[in-house]
Amino acid sequence: MQAFQADLSRFERLNAQVLGVSPDDVETHKKFSASLGLRFPLVSDKDGAIQKRYAPGRITYLIDRNGIIRHKHTGPLTQEILDKKILPLVKELQQ
Amino acid sequence: MMETLILSAAALLIAAPTSFAAPPKAGDPAPLFEAPSTAGTIRLADFRGKKPVVLAFYFADFTPG
């Protein structure tokens, strides 16, 4: 999530919404957000129901404005992956 | 005998239920959800027609990444 915060203004310029999802409750999410200064929402998936509809593990989906999945990244997100992969794909969606 | 055992084991593996029957892939519609968040209730459907969404699943707060 730290990597996202570092790049958040770039996602915002591209009019993309970043959402983090984990099984933590909202209170824990709020403490975590405050500790890192996160400015994007963290969603509480307490019973794992959301993740069950997607895929297990650390996984990131890029969803276009029509609600269609355009890209799926498996594994942890590093600054490099955000910069070289995710952001360029978001940029493509603007065109 | 060994062959039967291996085959039975394979059959069990194939039949094992999984909660991730068919994970959605590129080109599929993103499964909709509604859930509480640090910014109130989030509905994926609310972003439709407005902005792309980067949906990032992670294991837990206060862990790296």
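### Some details on the overall build of chain B
Moving on, step 1. Of the regular secondary structure elements, chain B holds 1 helix and 3 strands.
Moving on, step 2. Taken from N to C terminus, the helices and strands of chain B fall in the order α-β-β-β.
Moving on, step 3. Counting the 65 residues in chain B, one finds 22% classified as buried.

### Observations concerning the confidence of the model for chain A
Moving on, step 1. Put simply, chain A has an average pLDDT of 93, and 100% of its residues get 70 or more.
Moving on, step 2. Averaged pLDDT values for the elements of chain A fall to 88 in helix α1 (residues 2-13) of chain A and rise to 98 in strand β2 (residues 42-44) of chain A.

### Overview of the interface of chain A and chain B
Moving on, step 1. With 50 residues of chain A in contact, the opposing surface of chain B contributes 35 residues.
Moving on, step 2. Of all the secondary-structure elements, those providing two or more residues to the side of chain A that touches chain B are α1, β1 (17-22), α2 (26-36), β2, α3 (49-53), β3 (59-63), β4 (69-74) and α4 (79-94) of chain A.
Moving on, step 3. Sheet topology places β1 of chain A next to strand β3 (residues 53-57) of chain B; 5 bridges connect them, and they run parallel. Each residue of the ladder has a partner; that of leucine 19 of chain A, found in β3 of chain B, is leucine 55 of chain B.

### Regarding α2 of chain A
Residue and element names in this part refer to chain A.
Moving on, step 1. For α2, every residue scored as buried is listed here: His29, Phe32 and Ser33. Angular distribution of buried residues about the axis of α2 spans 100°; they occupy a single face of the element. Facing away from the buried side of α2, by more than 90 degrees, are the exposed residues Glu27, Ala34 and Ser35.
Moving on, step 2. Looking at the buried side of α2, the elements it contacts are β2.
Moving on, step 3. A positive backbone phi angle near 70° is found at glycine 37, which sits one or two residues after α2.

Parameters and conventions
Residues numbered from 1 in each chain as written. Chains lettered and ligands numbered in written order. Predicted model: local features only at pLDDT ≥ 70, side-chain atom pairs only at ≥ 80, totals over all residues. Helix = DSSP H or I, 4+ residues; strand = E, 2+ residues; numbered from the N terminus. Buried ≥ 20, exposed ≤ 12 C-beta atoms within 10 Å, placed from the backbone. pLDDT = per-residue confidence, 0-100. Contact = placed C-beta atoms within 7 Å. Pairing = 2+ DSSP bridges. Arc of directions from axis to C-beta.

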